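Residue strings, one per chain:
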Amino acid sequence: GSAELITDLRPGEIFVFGSNAAGSHAGGAARQAVRDFGAIMGQARGLQGRSYALVSMSGLDVIAEETATFCAFARTHPELTFLVTEIGCGIAGHTPAEVAPLFAGAPRNVVLPRSFRELLEGAHE
């Protein structure tokens, strides 16, 4: 999509990507997370290396739960900055309009992709 590609991380930055429930990070952002940012094959969720996985292939209800868990984690780690990719909007087949609202309560150390930010900012006008 039109997502800004994240190719390297500054100290304290974490790459946040969508995973399938099996944690087989074969394509898209997940593949990049394994290659560049320490994600672990077979680990479907949570912090791994300099990346954080959310299960995004099991429906919007699951993404909502995963997002809540992630935001709580981010809140307890204010020293880290979390760079979120367009979770659920690739192979999972959801639209930014469906997924962005799930991040509405994200703490300020969570940096959302432009498509999500525009939708959320539009909602506040």
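Below: a short report on this structure. (Residues numbered from 1 in each chain as written. Predicted model: local features only at pLDDT ≥ 70, side-chain atom pairs only at ≥ 80, totals over all residues. Heavy atoms only, no water.)

### Describing the environment of Phe 73
Following the sequence through the fold, Phe 73 ends up in helix H2 (residues 60-75). Residues Phe 73 and Ala 44 lie 29 residues apart in sequence; the distance between their C-alpha atoms is 16 Å. The contact partners of Phe 73, leaving out residues within four places of it in the chain, are Leu 47, Tyr 52 and Phe 82. (Helix = DSSP H or I, 4+ residues; strand = E, 2+ residues; numbered from the N terminus. Contact = heavy atoms within 4.5 Å.)

### Looking at the pattern of salt bridges
Overall, the coordinates contain three salt bridges when judged by the stated rule. Notably, a salt bridge pairs Arg 45 with Glu 66, separated by 2.9 Å at the nearest N-O pair. Linking Arg 45 in the loop between helix H1 (28-37) and strand E2 (46-48) with Glu 66 in helix H2, this pair joins segments that are 21 residues apart in sequence. Arg 45 sits in the partly exposed class, given a relative accessible area of 47%. (Salt bridge = Lys/Arg side-chain N within 4 Å of Asp/Glu carboxyl O. Buried < 20%, exposed > 50% of the residue type's maximum accessible area, 1.4 Å probe, protein only.)

### Quick word on the sheet that holds strand E3 (residues 51-55)
If you walk across this open sheet you meet the five strands as E2-E3-E1-E4-E5, and the pairing is mixed. In the strand order of this sheet, the two ends are held by E2 and strand E5 (110-111), each with one partner. The pairing of strand E1 (residues 13-19) with strand E4 (residues 81-84) spans four bridges and is classified as parallel. Bridge pairing links Val 16 to Val 84 in E4. Packed onto the sheet, H1 meets E1, E2 and E3 and runs at close to 140 degrees relative to E1. (Pairing = 2+ DSSP bridges. Axes fitted to C-alpha atoms, helices over the stretch in contact; angles between N-to-C directions.)

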